[in-house]
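# Reading the structure
One-letter residues, chain by chain:
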Amino acid sequence: MHKAVRFHEIGGPEVLRYEDAVVGEPGPGEVRVDHVAVGLNFADTYFRTGYYPVKPTCGIGVEGAGVIAAVGEGVEGFQPGDRVTYTGSPLGAYSTARVMPVGSLIKLPETIAFETAAAMTMRGLTSAYLLRRICPTLKSGDTVLLHAAAGGVGLIVTQWAKLLGLNVIGTVSNEAKEALARAHGCDHVIRYDREDVAKRVREITDGVGVDVVYDSVGAATYASSLDSVKRRGMLVCVGTASGPIPPIDALQLAIKGSLYVTRPALADYIADPAERAELAGELFGHVAAGRIKIEVNQRYELADAVQAHRDLEARKTTGSSIFVI
């Protein structure tokens, strides 16, 4: 019998249920994927808590990697036995197998392990669009501030940024995360638990500020992020781990230096199949060549989803976390 993790009401980690699941045959335009590994992402908690509204009694999880077991009518370009990975809707990745639309799939090269794919498809594609699409004017020698530098996205962004010749200032909460961020290329690391982030950024940049801030934390860091951006620089609000950012005061953006603020979503940068393939190809190329290393620092069984979410929300994790099937 196949298994899946579902929730029947919104709430804390305790609402997650490890249940028997019936996996049917794929219909037109669908495939059945047998999972080998599944990604655990902070965004999963947004669905569970209702921050991202979804209908209860649904599955959870948006990222997985495995092998196609069957294809439905009209499916082209994929066949049983193909190695695949994916990120995005519909929910339901926390499962041993699932039927899903073929349009969500990305072919996985033999050079990328399933666990690596589950740990990096969402995080890696997020890193790709942040660095290659959001601010294409970034050039070698520019400086960026990266919150949560020891997280899954943070470690990938740091390595990729160094490949582009950027200077990286990262923020972390403890000594172990500081060491991890430095080991992956951060030029400067700020301990936000004991330092004034904006003040320290200005010291590091001789009062200028950074070209871009990548802020995945949200409410707790929004003010300091704005104060860290240089004149005509950009704040990229890419996540809300500490809660949503406050309403944007347009006048403050002018007062603080004609700043730009954007709140992007990965879905809008991989909606076009050609663009998704281009970003994925660049990501896979860096990982396969060893230029970007994926840290899988936590592995869980699907049955341990409650504990996995508790660890994630308590910020006990570093790098990427996955479920091993």
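Please refer to the structure placed before this passage.
Residues numbered from 1 in each chain as written. Predicted model: local features only at pLDDT ≥ 70, side-chain atom pairs only at ≥ 80, totals over all residues. Heavy atoms only, no water.

## Examining the sheet that holds strand β14 (residues 260–262)
The 6 strands lie next to each other as β11-β10-β9-β12-β13-β14, forming an open sheet whose pairing is parallel. Looking at which strands have only one partner, the edges of the open sheet turn out to be β11 (188–191) and β14. Mean inter-strand twist for the sheet, computed between neighbouring axes without regard to direction, equals 15°. Bridging between strand β12 (residues 210–215) and strand β13 (residues 229–237) involves 5 bridges; their strand directions are parallel. Within the sheet, the bridge partner assigned to Y214 lies in β13 and is V236. Sheet strands touched by helix α2 (residues 114–134): β12, β13 and β14. Its angle to β13, the strand with the most contacts, is close to 145°. (Pairing = 2+ DSSP bridges. Helix = DSSP H or I, 4+ residues; strand = E, 2+ residues; numbered from the N terminus. Axes fitted to C-alpha atoms, helices over the stretch in contact; angles between N-to-C directions. Contact = heavy atoms within 4.5 Å.)

## A look at the packing of aromatic side chains
In total, this model carries 8 aromatic pairs according to the counting rule given. Ring geometry for Y46 and Y51: centres 5.2 Å apart, planes at 70°, overall edge-to-face. Assessed through its relative accessible area of 9%, Y46 is described here as buried. Residue classification places Y51 among the partly exposed residues on the basis of a relative accessible area of 36%. Arranged with centres 5.2 Å apart and planes meeting at 75°, the rings of F47 and Y52 form a pair that is edge-to-face. With relative accessibility at 15%, the residue F47 sits in the buried group. For Y52, a relative accessible area of 29% corresponds to the partly exposed category. Here a set of aromatic residues connected by ring pairs shows up, and it is made of F42, Y46, F47, Y51 and Y52. The lysine or arginine in question, R83, covers the ring of F114, its NZ or CZ lying 4.3 Å from the ring centre. Its end group placed over the ring of F78, K107 keeps NZ or CZ at 5.4 Å from the ring centre. (Phe/Tyr/Trp six-rings, centres within 6.5 Å; stacked < 30°, edge-to-face > 60°. Buried < 20%, exposed > 50% of the residue type's maximum accessible area, 1.4 Å probe, protein only. Lys NZ or Arg CZ within 6 Å of the ring centre and 35° of its normal.)

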